[in-house]
Structures are given as C-alpha cells and as structure tokens.
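Observations on the model geometry
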Amino acid sequence: MNVAAKKTDLKNLTQEQLVRFVESLGQPAFRGRQILAWIYRPGIIDFTQMTDLAKEFRAILTQSAFMSRFDDCMVECSRDGAVKFAFRLDDGQIIESVLIPEEDRNTLCVSSQVGCAMGCSFCLTGAMGFCRNLTTAEIVNQVCAVRDWTLAHDKGLLTNIVFMGMGEPLANFDNLLDAIAILTEQRGLDFSNRRITVSTCGLVPQMRRLGEETDVNLAVSLHAVNDEVRSRLMPVNKRYPIAELIEVCRTYRQKRRKRIMFEYTLLQGINDSDADAVQLAELLREVPCKINLLAVNPGSGSAYQSPGEERVLCFQRILRDRGYTVFIRTSRGEDISAACGQLAGKGWNEEQAISLDKTTLQSTGTDDNRP
C-alpha cells in the first residue's frame, strides 16, 4: 500500500469527490462515476483492468492516483464462528475488524480509529489511548478485504456493517460520512442504509448531524441510568450528561418506524439491580427504541464482574414487562479477544500474516476448518 504521497488514493473519495477529481484532470464528470463502478469490484487492483477507459486516460490515472487495499492480515477464528481480522496500516499501526456469521446474515464490525480517546473503564480499546483517526479508505478497505475473504472461502455475502470496532465513530465524523456514502452508493459497495449501524458513546452534536445527514441506524452505548455511575464508567458523560443525551435521542431525526438501539452492558453490583432496570424503563419512555443487554466480557481486562444468567434474565423481564423490546446479546469471539471491548490491536505476528489473495483458508485459531 505504500505509494508516493503526491498521488490521490481514490478510495478516499466519494462519488461527488471522484467526479471533481477527474474534472481536475480535464475529463468529463461521467468518467468519475465510471471509475467508481470499477474500484469496488472484487479483484480490481489496477487501472489497466478498467477496459472501458481510454488507454491514455488510464495512463494519466496511473501517474496521478492509486487504489489502496489491505494486501495481508492476521486472521483468527473463534470456536463460536466469529472471525477477527487484524490489518497493519502504512504507518505500522494495527486495527481490527470482526466478522460475525449468523444463520441469516454476515455482520462485519468495523473500526473507525486507531485506539480511542473516550476512556470507558470497561473497554480495552479505551485503555490503548487515542492514536489517530482512520482515513475514509482505511475504513472502507476493511469492508473490501473481509468481503473478498468471505467470497474466497465460500462464507457468503457480507450483509450488515456495524461501526462498533475500535474507536468512537462520531469522533471521526467527516471520514465516517464519506465511508457511509461509499458503502451505500450503488456503484460503490451497494449496502442499504438499513443494513448499516453507527454506535456512539454519546457525542451529542455529532448525533444531531448524523440524523440530519444520513439514514443509517443509530446505537447508543448507555450502560448506566444516572450521571454518577455513568460518569465513572464513561468519562464522556461529564461533557454530555444523561439528560442531554436522552433529549437528543428523543428528538433524533429518523425514518418512521425506525428505533434507536440502546446498548447496556451489565456489570455485577454496578448497574444490574432491579432498581436500575426500573429506572432505565422510565428514562427511555419517550424514545422510540430497542434495548440490547450484554453481560460484560470477563476477559476485557477490567475489574468488573459479569452478572449471572438469572440476573440478566431478570433485568430483561422487568424491561419487557414495561413494554420494551429487549434482546440479550450473546458475546462472540471471547476466546480470540474479539468480543465487545476486547479489540486492542495486539498480537500481530509478521510470520503468521496471510495474503488476502490466497484462496485457501488459513487461520491463527485452533481449527483451520472454521468458521
């Protein structure tokens, strides 16, 4: 992926930006749309493959632009079928994505930053600190690389994208929006808005903008029902307290029948009591929403304990009795540090990195026949 800095990475450009780029090269606007239709096809790595472009223009593109891609990665397969991908960036930083296969879908959990500045106390990514934002191309290339891997290994199509990997997506807002534009563009990766979810810890101004500028799904990491506990768990609450967060959710612009998903990680003795469940129900009563409950991952490197199954079911029952749709999320990929809160960009081994062009399944997991 190392290319001279003077060249433009076309995967950083939305369709509109690509049109402006080709116009700067003296070409008509439709050439930009024509190029976009090529860039995201599996197996397209060189301008010479774009056979409906004139040879002279392809030569100009070779001199002025390139198409970045992740050539190799680390792949780990979990006992439960989740697959973790680690990608080395041009500056040596490592990011991770997680593929979660289910019976009716393949969901990819995508990273938006190297590290995270939010500092949530139960999250390993937050313990890394913040390194930098990912470029639009680095976000999109995670999707391209995993899509190509699933196709090469007969694992089916990617169907859903969730921005729940490393980093706070809304803290990288402009690159996130450009990535969403590429993901949803028919000539790009052609995902439906309803198949894309952006998760946030609660950056209120950016949440307003997200609702105004996109139609993707919103997930909000709540994890507590009062400011004292939430500020202790999530420092962002000191800047945007619960009342302000709930108000922006209440007025959030979204399509009719869409509901915000609230993520609530249960921590034994901290936020998992019957009283907490009752207060959560009261807190969300004016917000069209669904609730995801998840017991904290014991391997997340924190001192928090996971409540027992009965406690989780009781918490769910209290909310359901008050009319809420409540799911209990089963943690996936714990054995390979791929579960929620466990992504930390560790474990890269140059000798075990595989080429994504290879068509045979390779894995650093325990069973080469999975997932």
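Since this is a predicted model, take the numbers as computed values, not measurements. (Residues numbered from 1 in each chain as written. Predicted model: local features only at pLDDT ≥ 70, side-chain atom pairs only at ≥ 80, totals over all residues. Heavy atoms only, no water.)

Okay, the overall build of the chain next. Scanning the chain from N- to C-terminus turns up eleven helices and 15 strands. Looking at the 371 residues of the chain, the share that counts as buried comes to 51%. Taking all contacts inside the chain whose residues are at least 6 apart in sequence as the whole, residues at least 24 apart take part in 67%. (Helix = DSSP H or I, 4+ residues; strand = E, 2+ residues; numbered from the N terminus. Buried < 20%, exposed > 50% of the residue type's maximum accessible area, 1.4 Å probe, protein only. Contact = heavy atoms within 4.5 Å.)

For the pair helix α7 (residues 204-213) and helix α9 (residues 242-250), interaxial distance at closest approach is 10 Å and the crossing angle is 5°. Judged on the interaxial angle alone, α9 and α7 are roughly parallel. Residues V204, M207 and R208 of α7 lie in contact with α9, whose contacting residues are E244, L245, V248 and C249. (Axes fitted to C-alpha atoms, helices over the stretch in contact; angles between N-to-C directions. Parallel < 35°, antiparallel > 145°, perpendicular 65-115°, else oblique.)

Looking now at the environment of L134. If you trace the backbone, L134 turns up in the loop between β8 (130-133) and α5 (136-152). Here the alpha-carbon distance between L134 and L176, two residues 42 residues apart in the chain, equals 8.9 Å. If we ignore the near neighbours within four places in the chain, the residues touching L134 are L89, I95, S111, S112, Q113, V114, I139, Q142, N172 and N175.

Glancing now at the UniProt feature "binding site: [4Fe-4S] cluster" (unreviewed entry) in the chain. Under the UniProt annotation, "binding site: [4Fe-4S] cluster" (unreviewed entry) lies at C116, C120 and C123. With respect to the helices and strands, C116 occurs in the loop between β7 (113-115) and α4 (124-128). A relative accessible area of 11% places C116 in the buried class. Beyond its immediate chain neighbours, meaning those up to four positions away, C116 contacts T125, G126, G129, F130, G167 and E168. Here C120 is to be found in the loop between β7 and α4. Among all residues touching C120, those that are not within four sequence positions of it are L233, M234 and P235. (UniProt positions renumbered as here; feature names shortened; annotations may be inferred.)

Below, the discussion takes up α9. Listed as buried for α9 are I242, L245, I246, V248 and C249. The buried side chains of α9 occupy one side of the element, clustering within an arc of 160° when seen end-on. (Arc of directions from axis to C-beta.)

Next up on the list: empty space enclosed by the protein. A full pass over the atoms with the stated rule returns three cavities of 30 Å³ or more. Considered as a void within the structure, the second largest cavity measures approximately 40 Å³ in volume. Lining the second largest cavity are G211, T214, D215, V216, Y252, R253, Q254, K255 and K258. Tallied by class, the residues present in the lining of the second largest cavity amount to two nonpolar, three polar and four charged. (1 Å grid on protein atoms, 1.4 Å probe; cavity = no way out; pocket = protein on both sides within 12 Å on 5 of 7 lines; lining within 4 Å. Points joined across faces, edges and corners; volume = space filled by probe spheres on them. Nonpolar A, V, L, I, M, F, W, Y, C, P; charged D, E, K, R; others polar.)

This brings us to the packing of helix α6 (residues 173-184) against α7. The geometry of α6 relative to α7 is characterised by a closest axis approach of 12 Å and an angle of 20° between their N-to-C directions. When the interaxial angle is binned, α6 and α7 end up roughly parallel. Between α6 and α7 the crossing geometry is right-handed. Taking contact as the criterion, the partners of F173, D174, L176 and L177 in α6 are, on α7, Q206, R209, L210 and E213. Residue composition of the contact of α6 with α7, by class: four nonpolar, one polar and three charged. (Left-handed = near helix turned anticlockwise from the far one by under 90°.)

Residues with a pLDDT of 70 or more make up 87% of the chain, whose mean pLDDT is 89. Predicted confidence is poor over residues 359-371, with pLDDT under 50, and the contacts of this stretch with residues over four places away or in other chains come to 30 contacts. (pLDDT = per-residue confidence, 0-100.)

Before going further, it helps to spend a moment on the packing of aromatic side chains. In the structure shown here, the tally under the stated rule is four aromatic pairs. Where F85 meets W149, the ring centres are 5.2 Å apart and the plane angle is 85°; that geometry is what we call edge-to-face. Placement of the pair is F85 in strand β4 (residues 83-88) and W149 in helix α5, with a sequence separation of 64 residues. Of the two residues, F85 and W149, neither departs from the other in class, the shared state being buried. Each member of the aromatic cluster is reached from another via a ring pair, and the members are F70, F85, F87 and W149. Between R41 and the ring centre of W38, over which it is positioned, the NZ or CZ distance is 4.0 Å. (Phe/Tyr/Trp six-rings, centres within 6.5 Å; stacked < 30°, edge-to-face > 60°. Lys NZ or Arg CZ within 6 Å of the ring centre and 35° of its normal.)

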